[in-house]
Amino acid sequence: MTPLDLPAPAKLNLFLHITGRRNDGYHELQTLFQFLDHSDRLRITPRNDGLIRVHGPEWLPPGDNLITRAAERLRARTGTGLGAEIELTKILPAGGGLGGGSSDAATALVGLNHLWETGLSRPQLATLGLELGADVPVFIHGVAAWGEGVGEQLTPVVPPEHWYLVLVPEVEISTAKIFGHPDLTRDTPKRRIRTAFEGSDGFRNDCEPIVRQLYPAVDQALEWLGEYGEARLTGTGGCVFCPFETQSAAIDAHAEKPSGINGFIAQSRNRSPLYTQLGELD
């Protein structure tokens with residue numbers, strides 16, 4: 001059986017508002033998701049013996065990780081007797097707010113559904129993915145989206161596609177720590193979708209003040225990047241980003257970035273690179 005080599009792309013939260021807190025402790029959000037053409041990669045080879053094996057960086061637990069859990073849930077949901085050998089090439093930073101773990105799980109679900117011929121629809125896969133994490137469904141649906149609820153209520157949108165310079169401070173941020181902070185803003189008024197495209201006034205990341213307070217490296221990265229435009233935190237961080245009109249402008253800024261801070265240049269995409277590649281295979 002022919003293996004699949006698929007991207008697991010990064011996402012940006014172009015803004016992130018926290019509009020309330022539910023009785024179960026989860027936070028109500030409004031956000032705008034867009035993909036980047038910067039990805040982890042999964043090479044998936046089907047097996048006939050039902051075993052699921054995941055190979056990746058040394059720090060990735062081989063038996064208990066999101067990719068393994070995704071594969072096992074799909075197998076349990078569909079009753080297939082097939083297995084898979086999955087090799088993860090990790091590019092996206094852990095704890096960076098780019099959705100790397102969720103994207104890996106989504107690509108595993110989509111890729112295995114294709115290889116195992118289990119026939120689940122994208123909405124069915126997204127429901128399965130939500131059991132693994134709130135960000136997994138947006139990667140499965142594969143289009144830029146306005147997100148509400150805990151981020152799983154998705155409405156497709158078409159924001160402008162920009163070049164971005166993304167800085168990667170050497171921090172790994174716990175989402176639970178940020179959402180549990182007593183000073184976190186939790187009452188931002190809700191916005192309508194159309195207002196997101198009428199200008200960015202008033203749009204922000206509500207997690208940013210807390211992250212800047214707790215992680216000086218993120219504060220410094222935002223301070224420097226803000227000289228080039230509207231710099232912002234993605235998710236709960238620690239990656240920060242700024243849009244540029246052209247690739248060359250982003251390259252010029254990247255060349256001037258402070259030493260000791262990693263970064264990359266990528267273009268945003270309203271269609272996930274995962275489905276762009278799968279479409280080429282069909």
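Residues numbered from 1 in each chain as written. Predicted model: local features only at pLDDT ≥ 70, side-chain atom pairs only at ≥ 80, totals over all residues. Heavy atoms only, no water.

Caption draft 1: Up close: the overall build of the protein chain. A tally of helices and strands in the protein chain yields nine helices and ten strands. For the protein chain, the C-alpha radius of gyration of 19 Å lies close to 19 Å, the compact-globule estimate for 282 residues. In the protein chain, the share of contacts with a sequence separation of at least 24, taken over all contacts with a separation of at least 6, comes to 76%. Per element, the accessible surface of the protein chain, about 12700 Å² overall, is 47% carbon and sulfur. (Helix = DSSP H or I, 4+ residues; strand = E, 2+ residues; numbered from the N terminus. Rg over C-alpha atoms; globule rule 2.2 N^0.38 Å. Contact = heavy atoms within 4.5 Å. Areas by Shrake-Rupley, 256 points an atom, 1.4 Å probe, with all protein chains shown as cover.)

Caption draft 2: Quick look at the packing of aromatic side chains. Overall, the coordinates contain six aromatic pairs when judged by the stated rule. Their ring planes at 55 degrees and their centres at 5.1 Å tell us that Trp224 and Tyr228 sit as a pair that is tilted. Residue Tyr228 is classed as partly exposed on the basis of its relative accessible area of 34%. For the cation-ring pair, Arg122 lies above Tyr275, with the distance from its terminal atom to the ring centre recorded as 3.6 Å. Sitting above the plane of the Phe203 ring, Arg191 keeps its charged end 4.6 Å from the centroid. (Phe/Tyr/Trp six-rings, centres within 6.5 Å; stacked < 30°, edge-to-face > 60°. Buried < 20%, exposed > 50% of the residue type's maximum accessible area, 1.4 Å probe, protein only. Lys NZ or Arg CZ within 6 Å of the ring centre and 35° of its normal.)

Caption draft 3: Structural view of the pattern of salt bridges. The full count for this structure, using the stated rule, is 16 salt bridges. For Lys90, the salt bridge identified is with Asp40, shortest N-O distance 2.6 Å. Of this pair, Lys90 sits in the loop between β4 (83-89) and α2 (100-115) while Asp40 sits in strand β2 (residues 27-47); the two residues are 50 residues apart in sequence, bridging distant segments of the chain. Given the relative accessible area of 22%, Lys90 is considered partly exposed. Taking the shortest distance from any N to any O, the salt bridge between Arg47 and Asp49 comes out at 2.6 Å. Residue Asp49 is classed as partly exposed on the basis of its relative accessible area, which comes to 46%. A single network of salt bridges, built from pairs that share partners, joins Glu208, Arg212, Asp219 and Glu223. (Salt bridge = Lys/Arg side-chain N within 4 Å of Asp/Glu carboxyl O.)

Caption draft 4: Representation of the packing of helix α1 (residues 66-78) against α2 within the structure. With their axes 8 Å apart at the nearest point, α1 and α2 run at an angle of 35 degrees to one another. The way α1 lies across α2 gives a crossing that is right-handed. Residue-level inspection shows Leu66, Ile67, Ala70, Ala71 and Leu74 of α1 in contact with α2, the latter providing Gly101, Ser102, Asp104, Ala105, Ala108, Leu109, Leu112 and Asn113. Class assignment for the residues of the contact of α1 with α2 results in nine nonpolar, three polar and one charged. (Axes fitted to C-alpha atoms, helices over the stretch in contact; angles between N-to-C directions. Left-handed = near helix turned anticlockwise from the far one by under 90°. Nonpolar A, V, L, I, M, F, W, Y, C, P; charged D, E, K, R; others polar.)

Caption draft 5: View of the side chain of Lys11. Position of Lys11 relative to the elements: it lies in strand β1 (residues 4-21). Here the side chain of Lys11 touches Asn13 through a polar contact of 2.4 Å, side chain to side chain. Other than its neighbours up to four places away in sequence, Lys11 contacts Phe33, Gln34, Phe35, Gly97, Leu98, Gly99, Asp135, Phe139, Thr234 and Gly235. (Polar contact = N/O pair within 3.5 Å; in protein donor to acceptor, adjacent residues only side chain to side chain.)

Caption draft 6: Region of interest: the pairing of β1. Burial of β1 is extensive: 16 of the 18 residues sit out of reach of the surface. One ladder, built from 14 bridges, connects β1 with β2; its direction is antiparallel. Paired with Leu4 across the bridge in β2 is Ile44. (Pairing = 2+ DSSP bridges.)

Caption draft 7: Expanded view of the pairing of strand β3 (residues 52-55). Side chains of β3 alternate between two faces, with Ile52 and Val54 buried and Arg53 and His55 left unburied. Pairing of β3 with β4, which is carried by four bridges, proceeds in the parallel orientation. The partner of Arg53 across the bridge, within β4, is Glu85. Viewed along the sheet, the connection from β3 through α1 into β4 turns out left-handed. (Right-handed = clockwise from strand over helix to strand, strands pointing away.)

Caption draft 8: Fine view of unusual backbone geometry. Omega for the peptide link from Gly237 to Gly238 comes to 5 degrees, which places this bond in the cis form. The topology assignment puts Gly238 in the loop between β8 (232-233) and β9 (240-244). Located in the positive-phi region is Glu117, a residue other than glycine, with phi close to 55 degrees. Secondary-structure assignment places Glu117 in the loop between α2 and α3 (122-130).

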